[in-house]
Amino acid sequence: MERMTIKAFKEESNIEIIESIMKMNNGYVTSKELDNYGIHRMYLNTMWKKGIVEKVANGIYIDSNKIEDSYYVFSLSMPNTIFSHMTALYFHGLSIKAPDDKYDITVRKTYNSKHLKNHEVFYVSDDIYELGLTEAETPMGNKVRVYDIERCICDIIRSKNRMDLEHVKYSIREYIKRKDKDLIKLSKYADKMGIKKEVMDFVEVFYE
């Protein structure tokens, strides 16, 4: 039996480590993660050539046996964005329809990227950028950054002129039905965003 060279052993060992990382990440691995582990990015290229992984975005790879989660890949590619408005409400089960390839996302006023042009982008000041920030699972079970339900309700009322009004009404009606709704939190968020009267008036119309 031919002895394994040090180079081959190191390659196999690093590939096994990368595969372990992917198992922890539901099949995903990024170049940045490998940097944190002190593993050279060239091993991802080696794995790609062997058909072990597929490249789904710049610096982002997925196990070849997995189906790509476009929401999760987007969140990894654009870490400074937060899923918001109707896209976030979809994750919360409060949207009338699933988003297409165009997502509602919120970023800081100072942030800009050419990758945002195909999406519905909402720019906010630093003082409310993280207001209501939480995590939700995509339909494929990956966690992404989103706003909580109360922040989303404030957002769709605040931005109703940019949205389908019937979708806005549907989401508010469904929110009112929820046992886990928090009207006190909703009021606090609306006050912080300077739209308390508008939000309260809008919600009151649908409250039974």
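Conventions used here
Residues numbered from 1 in each chain as written. Predicted model: local features only at pLDDT ≥ 70, side-chain atom pairs only at ≥ 80, totals over all residues. Heavy atoms only, no water. Salt bridge = Lys/Arg side-chain N within 4 Å of Asp/Glu carboxyl O. Helix = DSSP H or I, 4+ residues; strand = E, 2+ residues; numbered from the N terminus. Buried < 20%, exposed > 50% of the residue type's maximum accessible area, 1.4 Å probe, protein only. Patch = residues over 30% accessible without salt bridge, like charges linked within 9 Å, V, L, I, M, F, W, Y side chains within 5 Å. Areas by Shrake-Rupley, 256 points an atom, 1.4 Å probe, with all protein chains shown as cover.

All right, on to the pattern of salt bridges then. Counted by the stated rule, this structure contains twelve salt bridges. Of the charged contacts in the structure, one is a salt bridge between Arg162 and Glu120, with a shortest N-O distance of 2.7 Å. One end of the pair, Arg162, is in the loop between helix H7 (149–158) and helix H8 (165–177); the other, Glu120, is in strand S6 (residues 120–124), with 42 residues separating them in the sequence. Residue class for Arg162 comes out partly exposed when judged on its relative accessible area of 45%. One salt bridge connects Lys169 with Glu166, and the closest N-O pair in it is separated by 3.8 Å. One end of the pair, Lys169, and the other, Glu166, are both in helix H8, three residues apart, so they sit about a helical turn from each other.

Where burial is concerned, most of H7 is hidden: nine out of the ten residues are buried. Buried within H7 we find Ile149, Glu150, Arg151, Cys152, Ile153, Cys154, Asp155, Ile156 and Ile157.

Next up on the list: a nonpolar patch on the surface. Judged by side-chain polarity, Ile17, Met24 and Tyr37 come together as a nonpolar surface patch covering roughly 340 Å² of accessible area. Here Met24 shows up in helix H1 (residues 6–24).

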